[in-house]
Amino acid sequence: MKNAVFVYSPEQLDYKFSESHPFNHKRLLLTMDLLRKIDSISDDDIVPARMATDEEIALAHDEKYIDIVKQAGHGLLTPAQCESYGIGTEDTPIFPNMHEASSLLVGGTLQAVDYVMQGKSRHALNLGGGLHHGFHGRASGFCIYNDSSVAIKYMQKKYNARVLYVDTDAHHGDGVQWTFYDDPNVCTLSIHETGRYLFPGTGNVTERGNGQGYGTSFNFPLDAFTEDESFLEVYEQAMREVFEFFKPDVVFTQNGADAHYFDPLTHLYGTMKIYQEIPKLAHKLAHEYCDGKWIAVGGGGYDIWRVVPRAWSLIWTEMNDLPLPTGPLPKEWLEKWQTEAPVPFIPTWEDPNPLYEAIPRKAEIEEKNAQMLTKALHIIRNERK
């Protein structure tokens, strides 16, 4: 059994709305190249992504919607005809062969699932996935097909798995939550910036599931300007208590890298410290509760130069029990990509300290987050009494 596989194909970069769109999968190339420059990945580690079939995509998406995506990507529909399906909007514009590009991202996540669930690898990483806003019959928030929802349905159908989905993207993992809102065998845990200020506006602590699934949806909305210490306090407490409560067969993590101070679309004040700790605890708990079964995908992350490659590289090094990279980034990598980057790179694995001016509301924000954490976990804690 391999320790971990890295699912990647150059064609994953074909998921591209436009040159100016904030969702830019060049970050996959930057991350892959950074890992190669530090000798942490080899060709033997890489598994090519495959195309998901229409039948597989239909596990979580309406067949009519899939047909609309196909037609739109082949120039057969106008944006006005697609708008009710969430396509042709400013967020999710039409682009050529969008069904094929989206199917490859879904298939990459299914490839990761099969490697782990068939015992070929303990862990698997598909950074091209993590498109958590897609709905049953509608695109949303840069996401056409929701590879995470498809993959969880696939695990249920093929492997009869009890799945814990953990989402640390700064945007609430709404598409996945609503897909499994009444399913007692899937638990969703999302730590995100409060929807008071940020898309999609959902993810309140009161969203706890419905019917038989009540009590298997956990949301931890952080106040804007939340810093590392408060983020990690919520993350660690939430993870430990939800793992112990749900006792999953497999953990599936979505690793959006947009809670960083530099991210242009969010208002959290995280640094690289949170991206050192997020995969570390997921890895530890996967071995404690799931015999090591850990599938990870990418997600948000819109500073593709200074943040995403460093953050996502740490998932792979953690999966392989490699030492935490520290100190300077490889000179060759910095020189290769700096000519393309519109901002100066951070030349080290760690962020400068301080990275930003002190937050005057720090104590207030931390207190609000602590109160939110208690409220979000009260179902579990009451059950233990």
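As the structure is a computational prediction, the values presented were derived from the model and not from experiment.

Re helix H6 (residues 147-159)
Link 1 in the chain: Taking 1.5 Å per residue as the helical rise, H6 with its 13 residues ought to reach 18 Å, and the 17 Å between its terminal C-alpha atoms agrees with that figure.
Link 2 in the chain: Taken together, the buried positions of H6 are Asp147, Ser148, Ser149, Val150, Ala151, Ile152, Tyr154, Met155 and Gln156.
Link 3 in the chain: The first or second residue beyond H6 is Asn160, which carries a positive phi of 50°.

Structural notes on the pairing of strand E3 (residues 121-126)
Link 1 in the chain: Counting buried residues along E3, five of its six residues qualify, which places the element largely inside the surrounding structure.
Link 2 in the chain: Here strand E1 (residues 2-7) runs beside E3; their pairing, made up of four bridges, is parallel. Paired with Ala4 across the strands is His123, a residue of E3.
Link 3 in the chain: Bridge analysis of E3 against strand E8 (residues 294-297) gives four bridges, and the strand direction is parallel. Note that in E8 the partner of Leu125 across the bridge is Ala296.

Considering the UniProt feature "domain: Histone deacetylase" (unreviewed entry) in the chain
Link 1 in the chain: The UniProt record annotates "domain: Histone deacetylase" (unreviewed entry) at residues 21-318.
Link 2 in the chain: Its end C-alpha atoms 31 Å apart, residues 21-318 is made of 40% helix and 12% strand.

Examining helix H8 (residues 228-246)
Link 1 in the chain: Compared with the 27 Å implied by 1.5 Å per residue over 19 residues, the 26 Å span of H8 between its first and last C-alpha is a close match.
Link 2 in the chain: Asp228, Ser230, Phe231, Leu232, Val234, Tyr235, Ala238, Met239, Glu241, Val242, Phe243 and Phe246 are the residues of H8 that are buried.
Link 3 in the chain: Lys247 occupies a position one or two residues after H8 and carries a positive phi of about 50°.

So, the nonpolar core
Across soluble globular proteins, nonpolar side chains have a tendency to be buried as a group.
Link 1 in the chain: Phe6, Leu164, Leu189, Phe220, Phe231, Met239 and Tyr275 are the most contacted members of the largest nonpolar core, which has 74 residues in total.
Link 2 in the chain: The residues contacting Phe220, other than those within four sequence positions of it, are Leu189, Ser190, Ile191, His192, Val234, Ala238, Met372, Leu373, Ala376 and Leu377.
Link 3 in the chain: In terms of nonpolar packing, the next biggest core, distinct from the first, is built from 54 residues, Phe23, Ala72, Phe180 and Tyr302 among them.

Focus on the packing of H8 against helix H9 (residues 272-289)
Link 1 in the chain: Direction vectors running N to C along H8 and H9 enclose 10°, while the axes themselves pass 11 Å from each other. As judged from the angle between their axes, H8 and H9 are roughly parallel. Between H8 and H9, the residues in contact are Asp228, Phe231, Leu232, Tyr235, Glu236, Met239, Arg240, Phe243 and Glu244 and Lys273, Ile274, Glu277, Ile278, Leu281, Ala282, Lys284, Leu285, Ala286 and Tyr289, respectively.
Link 2 in the chain: A class-by-class count of the residues in the contact of H8 with H9 yields 12 nonpolar, no polar and seven charged.

Observations concerning the packing of helix H1 (residues 26-37) against helix H10 (residues 308-319)
Link 1 in the chain: At a minimum axis distance of 9 Å, the contact between H1 and H10 shows a crossing angle of 55°. Between H1 and H10, the crossing angle belongs to the class labelled oblique. Between H1 and H10 the crossing geometry is right-handed. Between H1 and H10, the residues in contact are Arg27, Leu28, Leu30, Thr31, Leu34 and Leu35 and Val308, Pro309, Arg310, Trp312, Ser313, Trp316 and Thr317, respectively.
Link 2 in the chain: Across the contact of H1 with H10, the residue classes tally to eight nonpolar, three polar and two charged.

Notes on the packing of aromatic side chains
What characterises a pair of aromatic rings is the spacing of the ring centres plus the angle enclosed by the ring planes.
Link 1 in the chain: Enumeration over the complete set of coordinates arrives at 22 aromatic pairs.
Link 2 in the chain: Where Tyr154 meets Tyr159, the ring centres are 6.4 Å apart and the plane angle is 70°; that geometry is what we call edge-to-face.
Link 3 in the chain: Given a relative accessible area of 8%, Tyr154 falls into the buried group.
Link 4 in the chain: Note on Tyr261 and Tyr269: the rings are 4.8 Å apart at their centroids and 70° apart in plane angle, and the pair reads as edge-to-face.
Link 5 in the chain: Its relative accessible area of 29% is what places Tyr261 among the partly exposed residues.
Link 6 in the chain: Using a relative accessible area of 17% as the deciding quantity, one classes Tyr269 as buried.
Link 7 in the chain: An aromatic cluster is defined as three or more aromatic residues linked by ring pairs; in this entry it consists of Tyr15, Phe17, Phe23, Phe95, Phe142 and Tyr302.

Here is what the cut-offs are and how they apply
- Along each chain, numbering runs from 1 in the same order as the chain's sequence is written.
- Two thresholds apply to this predicted model, a pLDDT of at least 70 for residue-level local features and 80 or more for giving and counting side-chain atom pairs, whereas whole-chain, interface and lining totals are computed over all residues.
- Hydrogens and water are ignored here; the side-chain numbers use all heavy atoms of the structure.
- Runs of H or I in DSSP of at least four residues are treated as helices and runs of E of at least two as strands, each being numbered from the N terminus.
- One less than the number of residues in a helix, times 1.5 Å, gives the span that helix is expected to have.
- For each residue, the accessible area found with a 1.4 Å probe, counting protein chains only, is set against the maximum for its type, and the residue is called buried under 20%, exposed over 50%, and partly exposed in between.
- Any two strands with at least two DSSP bridges between them are considered paired.
- UniProt positions are given in the numbering used here, feature names are shortened, and annotations may be inferred rather than shown by experiment.
- We call a set of buried Ala, Val, Leu, Ile, Met, Phe, Trp, Tyr and Cys residues a nonpolar core when their side-chain atoms join them within 4.5 Å.
- We call two residues in contact when some of their heavy atoms are within 4.5 Å.
- Axes here mean lines fitted to C-alpha atoms, for a helix over just the part in contact, with angles spanning 0 to 180 degrees between N-to-C directions.
- Angles below 35 degrees are treated as roughly parallel, those above 145 as roughly antiparallel, those between 65 and 115 as roughly perpendicular, and all remaining angles as oblique.
- In this classification, Asp, Glu, Lys and Arg are treated as charged, Ala, Val, Leu, Ile, Met, Phe, Trp, Tyr, Cys and Pro as nonpolar, and every other residue, Gly included, as polar.
- Crossing handedness is defined as follows: a turn of the near helix away from the far one that is anticlockwise and smaller than a right angle gives a left-handed crossing, while the clockwise case is right-handed.
- The rule is short: rings of Phe, Tyr and Trp, with Trp giving its six-membered ring, pair when the centres are within 6.5 Å, and they are stacked under 30 degrees, edge-to-face over 60, tilted in between.

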